Amino acid sequence: MKTQILMDLSIYWAMFHVTFLFIMLFRSRYPKKKTLWLVGSIMGLIMLINVVVLAVFGLEVTGRLFLFTCSLPSFLFMYLLSADKKFRFLLTFCLADTLCIWIMAVTNLLDHYLGGGQYVVMFISRLVAFPLIEYWIYRFLRKPYLELQNAVEKGWGVFAGMTMLYYVLLIVIVQYPTNIVNRPEDVFLCVLVLVLMFFNYATIFYALYNQFLVYRKQQSERILQEQKYSLETKLENQQRIRRMKHDMKGHTVTLSGLLAAGKTEEAKEYLKNLEIEMEALTGQFCLSPYINAVLSHYFQKLQEMGAEFYSDIRIGEEALPYMELCQILSNGLENACDELKDLTEGKREAFVRVKYHKDYLTIRIRNRCRPNLHVEKGELPDTSKEGGDHGFGLRTIQEAAERLGGDMLCYTEDGYFVLDVMVRVSSEPIIS
């Protein structure tokens, strides 16, 4: 009787930890507090049902019905709870379940051959194995896995398919037609499957980790490109300023001629255009040299396209996270330039606004777009560019906003494409 209690407790321990394994690897569509409450309630009910089945029918029947009493109900519940769908969710769910069943199968065999079937070895080994695997996942896998899910849209199907097949294979070889310890002729085959599964998951983790490194490399390259671009823009502006100083004599002669001829209005218009050009060249959109570099570059680019450019920049000498903000502005304005190229010159128009709203800095980039472009709020439009180097713009903006505790929203309305970004920043000025 005492040994039976150890076996039951080890099963309850495993059922609890399979839920914990999944929670560590998935992204919920709800806030953390609500997620924990829902998981505790629903998964607690599912575990209770399995406890009753185990107590009434025993281990043999519970093992056969486990797919229907636990796996499928928890799959449907977690699917509704998860922010990721399709293959990303399937991989995560099967990964957690398969790891749990793998540990249960190994500890079951260890107990049968080393513990004489008294469940003492099973209980102790499961008591230790689950926290160890969870520590390893939390320490080495969780962060890159969650980041990879957020960054990579495609390529999950193969891994999900492999994991699901191993999940079904493991259940069949361990539980059907009876528990593996009652089929000594199949033990060697079961051990081979367990070893093969270990190397299979090692391969999956290695491939996922390589994808993560590729993603990180792409991020680093984009950041370095932004830094390079910012420095080149500042250098280009300095060269324009030198040319402007050289041309000031010509501007003075022109103004003197207009005033001497009594053309006061023409002289005012000339001065106004000269002031706008000087502001763009000297980076006076705001007091941040980095943001000025981006805005000056795209002001010049839009002018060369014959586009109207309007700006409303309400920031000063704050300690701003300029790297992320430059990424947001440059990618957003680059997308605007790409869209305006497809329009006739008279319809090219772009607007940028940067201002504070309570504890957030809000950025809006609004530009005219093609009549057939339709983007609902919350969607990301597909890139119209060709080649593998494109399509990162809006995703880069979204990642930069999320790093700053904010979010991004884009949509089309009344012939315009609107990009709204909100990031949490400090509005306190720098004290020198």
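Residues numbered from 1 in each chain as written. Predicted model: local features only at pLDDT ≥ 70, side-chain atom pairs only at ≥ 80, totals over all residues. Heavy atoms only, no water.

With that settled, consider the overall build of the protein. Helices and strands together make up the secondary structure of the protein, namely 10 helices and five strands. A burial count over the protein gives 43% of its 432 residues as buried. Summed over its atoms, the accessible surface of the protein is roughly 24000 Å², and 62% of this surface lies on carbon and sulfur atoms. (Helix = DSSP H or I, 4+ residues; strand = E, 2+ residues; numbered from the N terminus. Buried < 20%, exposed > 50% of the residue type's maximum accessible area, 1.4 Å probe, protein only. Areas by Shrake-Rupley, 256 points an atom, 1.4 Å probe, with all protein chains shown as cover.)

Here we come to the packing of helix H3 (residues 86-114) against helix H5 (residues 156-175). Running from N to C, H3 and H5 cross one another at 30 degrees; their axes reach a closest spacing of 8 Å. In terms of orientation, H3 and H5 fall into the roughly parallel class. The way H3 lies across H5 gives a crossing that is left-handed. On H5, the residues that touch Phe 87, Arg 88, Leu 90, Leu 91, Cys 94, Leu 95, Asp 97, Thr 98, Ile 101, Trp 102 and Ala 105 of H3 are Trp 156, Gly 157, Phe 159, Ala 160, Thr 163, Met 164, Tyr 167, Leu 170, Ile 171 and Val 174. (Axes fitted to C-alpha atoms, helices over the stretch in contact; angles between N-to-C directions. Parallel < 35°, antiparallel > 145°, perpendicular 65-115°, else oblique. Left-handed = near helix turned anticlockwise from the far one by under 90°. Contact = heavy atoms within 4.5 Å.)

A few words on the packing of helix H9 (residues 322-340) against helix H10 (residues 393-403). In contact at an axis separation of 9 Å, H9 and H10 are set at 155 degrees when each is read in the N-to-C sense. Of the possible angle classes, the one that applies to H9 and H10 is roughly antiparallel. Viewed along their axes, H9 and H10 form a crossing whose handedness is left-handed. Seen from H9, the contacting residues are Glu 324, Gln 327, Ile 328, Asn 331, Gly 332 and Asn 335; seen from H10, they are Gly 393, Leu 394, Thr 396, Ile 397, Ala 400, Ala 401 and Arg 403. For the contact of H9 with H10, the per-class residue count stands at five nonpolar, six polar and two charged. (Nonpolar A, V, L, I, M, F, W, Y, C, P; charged D, E, K, R; others polar.)

What follows concerns the pattern of salt bridges. Counted under the stated rule, the structure contains eight salt bridges. Its salt-bridge partner being Arg 183, residue Asp 186 comes within 2.9 Å of it at the nearest N-O pair. Judged by relative accessible area, Asp 186 falls into the partly exposed class, the value being 23%. A salt bridge links Arg 403 to Glu 324; the nearest nitrogen and oxygen atoms lie 3.8 Å apart. Placement of the pair is Arg 403 in helix H10 and Glu 324 in helix H9, with a sequence separation of 79 residues. According to the relative accessible area criterion, Arg 403 is partly exposed, its value standing at 41%. The class of Glu 324 is buried, set by a relative accessible area of 17%. (Salt bridge = Lys/Arg side-chain N within 4 Å of Asp/Glu carboxyl O.)

A cluster of nonpolar side chains, Leu 65, Phe 68, Leu 72, Met 164, Val 168, Val 172 and Tyr 176, forms an exposed patch at the surface whose accessible area comes to about 590 Å². Elements supplying a minimum of two residues to the nonpolar patch: helix H2 (32-81) and H5. Using a relative accessible area of 52% as the deciding quantity, one classes Phe 68 as exposed. (Patch = residues over 30% accessible without salt bridge, like charges linked within 9 Å, V, L, I, M, F, W, Y side chains within 5 Å.)

The next thing to look at is the pairing of strand S3 (residues 360-368). On a regular strand, one side chain projects to one face of the sheet and the next to the other, so that they alternate. Of the pairings in the sheet, the one linking strand S2 (residues 349-357) to S3 comprises eight bridges and is antiparallel in character. Each bridged residue has a counterpart across the sheet, and for Phe 351 the counterpart in S3 is Arg 366. Once S2 ends, the chain turns through two residues before running back antiparallel as S3, passing Lys 358 with a positive phi of about 60 degrees. The sheet contact formed by S3 and strand S5 (residues 416-424) spans nine bridges and is antiparallel. Looking at the pairing, Arg 364 lines up with Asp 420 of S5. (Pairing = 2+ DSSP bridges.)

Turning our eyes to something else, we now look at the confidence of the model for the protein. Put simply, the protein has an average pLDDT of 80, and 87% of its residues get 70 or more. Of all the helices and strands in the protein, helix H7 (residues 264-282) carries the lowest mean pLDDT, 72, while S3 carries the highest, 93. Counted against residues more than four places away or in other chains, residues 386-391, with its pLDDT under 50, gives three contacts. (pLDDT = per-residue confidence, 0-100.)

Quick look at H9 now. Compared with an ideal rise of 1.5 Å per residue, which puts 19 residues at 27 Å, H9 spans 26 Å between its outermost C-alpha atoms and is within 8% of the ideal. Counting buried residues along H9, 16 of its 19 residues qualify, which places the element largely inside the surrounding structure. (Expected span 1.5 Å × (residues − 1).)

By size, the foremost hydrophobic cluster in this structure holds 50 residues, and its most contacted members are Met 78 and Leu 208. Elements represented by at least two residues in this core include exactly helix H1 (2-25), H2, H3, helix H4 (120-151), H5 and helix H6 (187-260). Listed in part, the 43 residues of the second largest apolar core include Ala 307, Ile 315, Leu 340 and Val 354. (Core = buried A, V, L, I, M, F, W, Y, C linked by side-chain atoms within 4.5 Å.)

Let us now look at the sheet that holds strand S1 (residues 308-313). Strand order in the open sheet made by the five strands is S1-S2-S3-S5-S4, with mixed pairing throughout. Every interior strand has two partners, whereas the edge strands, S1 and strand S4 (407-413), have only one. Strand-to-strand twist in this sheet, taken as the mean axis angle between neighbours without regard to direction, amounts to 10 degrees. Direction of pairing for S1 relative to S2: parallel, over a ladder of six bridges. Along S2, the bridge assignment pairs Glu 308 with Glu 349.

Moving on: the packing of aromatic side chains. The full count for this structure, using the stated rule, is 13 aromatic pairs. Plain terms: the ring middles of Phe 22 and Phe 93 are 6.0 Å apart, the flat faces sit at 70 degrees to each other, and that makes the pair edge-to-face. Placement of the pair is Phe 22 in helix H1 and Phe 93 in helix H3, with a sequence separation of 71 residues. Each member of the pair Phe 22 and Phe 93 is classed as buried. Ring plane angle 80 degrees and centroid distance 5.5 Å describe the contact between Phe 198 and Phe 199, whose orientation is recorded as edge-to-face. (Phe/Tyr/Trp six-rings, centres within 6.5 Å; stacked < 30°, edge-to-face > 60°.)

The next point concerns unusual backbone geometry. Geometrically, the link from Tyr 176 to Pro 177 is a cis peptide bond, its omega value of 0 degrees lying close to zero. One can find Pro 177 in the loop between H5 and H6. Located in the positive-phi region is Asp 414, a residue other than glycine, with phi close to 55 degrees. Locating Asp 414 in the fold gives a position in the loop between S4 and S5. Accessibility expressed as a relative area gives 71% for Asp 414, which makes it exposed.

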